[in-house]
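In case you want the letters, here they are:
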Amino acid sequence: MDTTTETASESMTAGGYVHGYSGREARRLGDQADALAALLHEGTAYPAGSRVLEAGCGVGAQTVHLVARSPGMRLTAVDLSPASLDQARARVRASFPEARVRWRCADLRDLPFPDAAFDHVFVCFVLEHVPDPRGALEALRRVLRPGGTLTVIEGDHGSAFFHPDSAHARAAIAHQVALQAAAGGDALLGRRLGPLLGEAGYGRVEVVPRTVYADGARPELARAFTRDTFTAMIESVRDEAVAAGLATPADFDRAVADLRRAAGPEGTFHYTFFKATAVNPR
């Protein structure tokens, strides 16, 4: 494995990550990736020898699944955070000690690669945190060879439905959306992913919804996604929401408790991700 991290840019120029960089958040991202691997990575595999860029690899939660499905690819994983890259390297090494990954610290809008450097680009849960997602997509198109493919996966918090219904829980989700917007992101980006790709100059754009539904008949999924992924993500902004005057501590705690009820034996939870593929036509 290539364990060198090459630093290109360490400034926080791509907006704030509203969920923070704690160990708890790293575990949540891992839980999310593992719970949704089959759903999100189905149909994504790259030929041996192909040059693949994972843009915004974070702590490597998705990287391990890319490596598992495409062991022969030549992967370069990029992120803005040196600490996240260190965690990503350790995560991949633990699961795939023979994997060859080049790690780079860089801003997606100023990538340190020549034009057409990659055959494929993979981006998952990144654009929602970028103030200018179209600009980021245009920057990625520069380093993608003509005819090369782009795969993008994003969620949309407006697609969250659950039972028992709770006004407190719906309000807390809205608070998370507002806080992410204040940080320069868009937690509702999934619904406009297709148009964004077209505006950024990509061709043959296809967007497919990938829906998660968990209930009492799927207890492991309810635990891994409803409770440990989505509810944990909402809970992570509790202090920010209270400090901003969006909610009282009691109301937010009630919201989290109600979301956990949706992960229980009598609860249900629905969420839609959007997976898009496109081609660089130039």
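Residue numbers restart at each chain and count upward from 1, following the sequence in its written direction. Owing to the predicted nature of the model, reporting of local features is limited to residues with pLDDT of at least 70; listing and counting of side-chain atom pairs is limited to 80 or more, with chain, interface and lining totals taken over all residues. To obtain the side-chain values, all non-hydrogen atoms of the structure were included, while hydrogens and water were left out.

## Quick look at the nonpolar core
Definition used in this section: a nonpolar core is a set of buried Ala, Val, Leu, Ile, Met, Phe, Trp, Tyr and Cys residues joined via side-chain atoms within 4.5 Å. For every residue, the accessible area (1.4 Å probe, protein chains only) is compared with the maximum for its type, and the residue is labelled buried under 20%, exposed over 50%, or partly exposed between those bounds. Core analysis: the biggest nonpolar cluster contains 44 residues, and V101, W103, F230, I234, F252, F269 and F273 have the highest contact counts within it. Starting at the N terminus, helices and strands are each numbered in turn, a helix being any DSSP run of H or I of at least four residues and a strand any DSSP run of E of at least two. In terms of residue count, the dominant contributor to this core is helix α9 (residues 249-262) (5 residues).

## Things to note about the pattern of salt bridges
Opposite charge on two side chains permits pairing when their charged atoms draw close. By convention in these notes, a salt bridge is any Lys or Arg side-chain nitrogen within 4 Å of a carboxyl oxygen on Asp or Glu. Applying the stated criterion to the full structure yields 17 salt bridges. Residues D107 and R109 are paired through a salt bridge, measuring 3.5 Å at the closest nitrogen-oxygen approach. Classification of D107 by relative accessible area gives buried; the value is 6%. Via salt bridges that share partners, E220, R223, R227 and D228 belong to a single interconnected network.

## Comments concerning the packing of aromatic side chains
By convention, a stacked pair of Phe, Tyr or Trp rings (six-membered ring in the case of Trp) has centres within 6.5 Å and planes under 30 degrees apart, an edge-to-face pair has planes over 60 apart, and any other such pair is tilted. Evaluation of the coordinates by the stated rule reveals 9 aromatic pairs. Residues F225 and F273 carry aromatic rings whose centres are separated by 6.0 Å and whose planes lie at 70° to one another, so their mutual orientation is edge-to-face. With F225 in helix α7 (residues 219-235) and F273 in strand β9 (residues 268-279), this residue pair connects regions lying 48 residues apart in the sequence. Per residue, the accessibility class of F225 equals that of F273, and both read buried. Cluster of aromatic residues (ring-pair linked, three or more members): F125, F162, F225, F230, F269, Y271 and F273.

## A few points about helix α5 (residues 167-182)
Along its 16 residues, α5 runs 22 Å from first to last C-alpha, staying within 8% of the 22 Å computed at 1.5 Å per residue. Of the positions making up α5, those classed as buried are A169, A172, I173, H175, Q176, V177, L179 and Q180. Against β7 (161-163), α7, α8 (238-243) and α9 lie the buried residues of α5. Capping the start of α5, S166 holds a side-chain oxygen 3.3 Å from the backbone nitrogen of H168, two or three residues further along. Residue G184 follows α5 closely and has a positive phi angle near 100°. Under the convention used throughout, the expected extent of a helix is 1.5 Å for every residue step, that is, one less than its residue count. Any two residues having at least one pair of non-hydrogen atoms within 4.5 Å are treated as being in contact. Pairs of N or O atoms within 3.5 Å make up the polar contacts considered here, provided that, within protein, one atom can donate a hydrogen while the other can accept it, and that residues adjacent in sequence are counted only when both atoms are side-chain atoms.

## Let's talk about the packing of α5 against α7
Two elements in contact, α5 and α7, have axes separated by 9 Å at closest approach and are oriented at 70°. Between α5 and α7, the angle falls in the class roughly perpendicular. Our pair here, α5 against α7, has a crossing hand that is left-handed. Note on element contacts: α7 touches α5 through F230, M233 and I234, opposite A172, I173 and Q176. Nonpolar residues are Ala, Val, Leu, Ile, Met, Phe, Trp, Tyr, Cys and Pro. Charged residues are Asp, Glu, Lys and Arg, and all others, Gly as well, are polar. The residue makeup of the contact of α5 with α7, split by class, is 5 nonpolar, 1 polar and no charged. Each axis is a line fitted through C-alpha atoms, taken for helices only over the stretch in contact, and angles between the N-to-C directions span 0 to 180 degrees. An angle below 35 degrees is read as roughly parallel, one above 145 as roughly antiparallel, one from 65 to 115 as roughly perpendicular, and any other as oblique. Helix crossings are classified by the rotation of the near helix relative to the far one: an anticlockwise turn of less than a right angle makes the crossing left-handed, while a clockwise turn makes it right-handed.

## Overview of unusual backbone geometry
Going from H163 to P164, the amide bond is cis rather than trans, its omega being 0°. The topology assignment puts P164 in the loop between β7 and α5. Even without being a glycine, A116 presents a positive backbone phi close to 60°. Mapped onto the elements, A116 comes out in the loop between β4 (101-105) and β5 (118-124).

## Some thoughts on helix α4 (residues 133-142)
Most of α4 sits inside the fold, with 7 of its 10 residues counted as buried. Here the buried face of α4 lies against β2 (51-55), β5, β6 (144-155) and α6 (193-199).

## Remarks on the packing of α7 against α9
Running from N to C, α7 and α9 cross one another at 165°; their axes reach a closest spacing of 10 Å. On the basis of the axis angle, α7 is roughly antiparallel to α9. The element α7 and its partner α9 pack so that their crossing is right-handed. Side by side, α7 and α9 meet where T226, R227, T231, I234 and E235 of the first sit next to F252, V256, L259, R260 and A262 of the second. Split by residue class, the contact of α7 with α9 holds 5 nonpolar, 2 polar and 3 charged.

## Concerning the side chain of S81
When you line up the elements, S81 lands in the loop between β3 (74-79) and α3 (82-95). On the basis of relative accessible area, S81 is assigned to the buried category, the value being 13%. Reaching out from S81, the side chain makes a polar contact with the backbone nitrogen of S84 at a distance of 3.1 Å.

## Topic: the confidence of the model for the protein
In predicted models, pLDDT denotes the confidence assigned by the predictor to each residue on a 0 to 100 scale. On average, the protein scores 90 in pLDDT, and the residues at 70 or more come to 88%. Predicted confidence for residues 1-15 stays below pLDDT 50, and this span has 52 contacts to residues more than four positions away or in other chains.

## So, the pairing of β4
Where burial is concerned, most of β4 is hidden: 4 out of the 5 residues are buried. Judged from the 5 bridges that link them, β3 and β4 form a sheet pairing that is parallel. Among the inter-strand pairings, V78 is bridged to a residue of β4, identified as R104. A crossover counts as right-handed when, viewed with the strands pointing away from the observer, the path leading from the first strand over the helix to the second turns clockwise. The parallel pair β3 and β4, bridged by α3, forms a crossover whose chirality is right-handed. Between any two strands, at least two bridges found by DSSP are needed for them to pair.

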